[in-house]
Amino acid sequence: MKEFQHVLQNKLGLHAKPAGEFVQMVKSLDSAVTVEKGGQVVSADKLLALASLDVHKGDTITITFENDVSDEEVNRFKEFAEKHL
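This is a predicted model, so every value here is computed, not measured.

## Considerations on the sheet that holds strand S3 (residues 40-43)
And step 1. In space, the four strands of this open sheet follow the order S1-S4-S2-S3, with antiparallel pairing throughout. Edge positions in the sheet fall to strand S1 (2-7) and S3, since each of these pairs with one other strand and no more. On average, adjacent strands in this sheet sit at an angle of 25 degrees to one another, irrespective of strand direction.
And step 2. Alignment of strand S2 (residues 33-37) against strand S4 (residues 60-65), held across four bridges, turns out to be antiparallel.

## A closer look at the side chain of Thr-34
And step 1. With respect to the secondary-structure elements, Thr-34 resides in strand S2.
And step 2. A distance of 3.5 Å separates a polar atom in the side chain of Thr-34 from a polar atom in the side chain of Glu-66.

## With respect to helix H1 (residues 16-27)
And step 1. Between its first and last C-alpha, H1 extends 16 Å over twelve residues, near the 16 Å set by a 1.5 Å rise per residue.
And step 2. Of the residues making up H1, those classed as buried are Pro-18, Ala-19, Phe-22, Val-23, Met-25 and Val-26. Projected onto a plane normal to the axis of H1, the buried residues spread over an arc of 160 degrees and lie on a single side. Projecting away from the buried face of H1 at angles above 90 degrees are the exposed residues Ala-16, Lys-17, Gln-24 and Lys-27.
And step 3. Against S2, helix H2 (47-51), S4 and helix H3 (71-84) lie the buried residues of H1.

## Describing the nonpolar core
And step 1. If you look at the biggest cluster of nonpolar residues, it comprises 26 residues, and the most contacted ones within it are Phe-22, Val-35, Ile-63, Phe-65 and Phe-77.
And step 2. Counting residues per element, the ones that place at least two in this core are H1, S2, H2, S4 and H3.
And step 3. Broken down by element, this core gets its largest block of residues, five residues, from H1.
And step 4. Setting aside residues up to four positions removed in sequence, Phe-65 forms contacts with Met-1, Lys-2, Phe-4, Leu-29, Ser-31, Ala-32, Val-33, Val-74 and Phe-77.

## Some remarks on the pairing of S2
And step 1. The pairing of S2 with S3 spans four bridges and is antiparallel. Bridge pairing in S3 places Val-35 opposite Val-42.
And step 2. In textbook terms, the turn of a hairpin is the stretch between consecutive antiparallel strands, and for S2 and S3 this stretch comprises two residues, one of which, Gly-38, has a positive phi near 60 degrees.

Cut-offs used in this document
Residues numbered from 1 in each chain as written. Predicted model: local features only at pLDDT ≥ 70, side-chain atom pairs only at ≥ 80, totals over all residues. Heavy atoms only, no water. Pairing = 2+ DSSP bridges. Helix = DSSP H or I, 4+ residues; strand = E, 2+ residues; numbered from the N terminus. Axes fitted to C-alpha atoms, helices over the stretch in contact; angles between N-to-C directions. Polar contact = N/O pair within 3.5 Å; in protein donor to acceptor, adjacent residues only side chain to side chain. Expected span 1.5 Å × (residues − 1). Buried < 20%, exposed > 50% of the residue type's maximum accessible area, 1.4 Å probe, protein only. Arc of directions from axis to C-beta. Contact = heavy atoms within 4.5 Å. Core = buried A, V, L, I, M, F, W, Y, C linked by side-chain atoms within 4.5 Å.

Here it is as structure tokens:
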């Protein structure tokens, strides 16, 4: 299991366009991925589940890869988060 934390920088928080792109990235993996905010954990392959977290600028989320994924894949998600979330 691998995970990382990210503090949202986007002034709109976790809104539809980047959340949809994130979901598509998750669906391309052979791993279950979860996103946690404030103790609430949701599956990252469901757009409505991500929206239910109500993530705003300045909030910290934890992204967890349940199965073994490469460091390259984790870094791809980190880079996406830094650029779009």
